[in-house]
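As a plain string of letters, each chain reads:
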Amino acid sequence: MGRKAWFYRQLLSYMPVFFIVISFVFFVFFQMLGEQSRQGAIQANETMIQQAMRSVDNSLKAIDQMLVQELLFNPDMSGFFNQEDQDNVYLNMQAVKAMKQFKVSNPLVDSMVLVRTQDEFVLSTSSSSNLQDYADYVFLKPYLGQVISEAKWSAVRNFREFSFNSMQHVVTLVRDAPFVTHGKGLIAVNIKVDAIHNMVQGMVNPDVSFINKAAIAKGAVAPFFSKTQNSPSVSSRLV
């Protein structure tokens, strides 16, 4: 009887240690499980951000390709650069119509403008003027006279066409025009940064993902939230 009592006393004396060890094992197990889940979520988020990057890049490339097609096959747009009369209302209206159709086909596009080199005449979807009087003169002027063989992408910048408009954050695609006979002018297409961000946000569900605005800005659309970075896939053609 005495040996049994001693055994039970010994068993009871080790019970706290037993519970501590078991608790520690469970704690380590759940910590490892949580870390594994976190790493899996991070990898999934990185994959989604990479997909968003490719989607943004493909969208920008698609806009550039459609612009080239317009310059090649749409006489209403390319004809603007071959005329010499600023008061040719019909041709100007046809060019404006072509630009509006281009905007409708590309929801990311905020605005676009045609600039003719010989008389520095500017035509946008909502106005016409001499380049020196145009709101975006400082940005557009350096491109005149250049031979732009490839698409040029600006960093993110502020833009508004009229003083009563709110300031927009845009990235701008600039191409020499017409596409074949360079040097007659240029076409600039302003892409809305907010539209790019909204497009990326629409690719993820914030209720089931750790991706947030900051993560997206650092990953998928960082080029359009910084004045010093370039697009991840078209960086060799950005300015």
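Residues numbered from 1 in each chain as written. Predicted model: local features only at pLDDT ≥ 70, side-chain atom pairs only at ≥ 80, totals over all residues. Heavy atoms only, no water.

A. Region of the structure containing the packing of aromatic side chains. One pass over the full model with this rule turns up four aromatic pairs. Where F80 meets F81, the ring centres are 5.2 Å apart and the plane angle is 85°; that geometry is what we call edge-to-face. Across the pair, exposure class does not vary: F80 and F81 are buried alike. Three or more aromatic residues joined by ring pairs form one cluster here, namely F80, F81 and F121. (Phe/Tyr/Trp six-rings, centres within 6.5 Å; stacked < 30°, edge-to-face > 60°. Buried < 20%, exposed > 50% of the residue type's maximum accessible area, 1.4 Å probe, protein only.)

B. View of the environment of V96. Along the chain, V96 falls in helix α3 (residues 89-105). Using a relative accessible area of 15% as the deciding quantity, one classes V96 as buried. Each C-alpha atom, one on V96 and one on F80, is 9.7 Å from the other, the two residues being 16 residues apart in sequence. (Helix = DSSP H or I, 4+ residues; strand = E, 2+ residues; numbered from the N terminus.)

C. Main features of the pairing of strand β7 (residues 185-192). The buried count for β7 comes to seven of eight residues, which makes it a mostly enclosed element. Pairing analysis gives eight bridges linking strand β6 (residues 168-177) to β7, with the strands arranged antiparallel. Within the sheet, the bridge partner assigned to A177 lies in β7 and is G185. (Pairing = 2+ DSSP bridges.)

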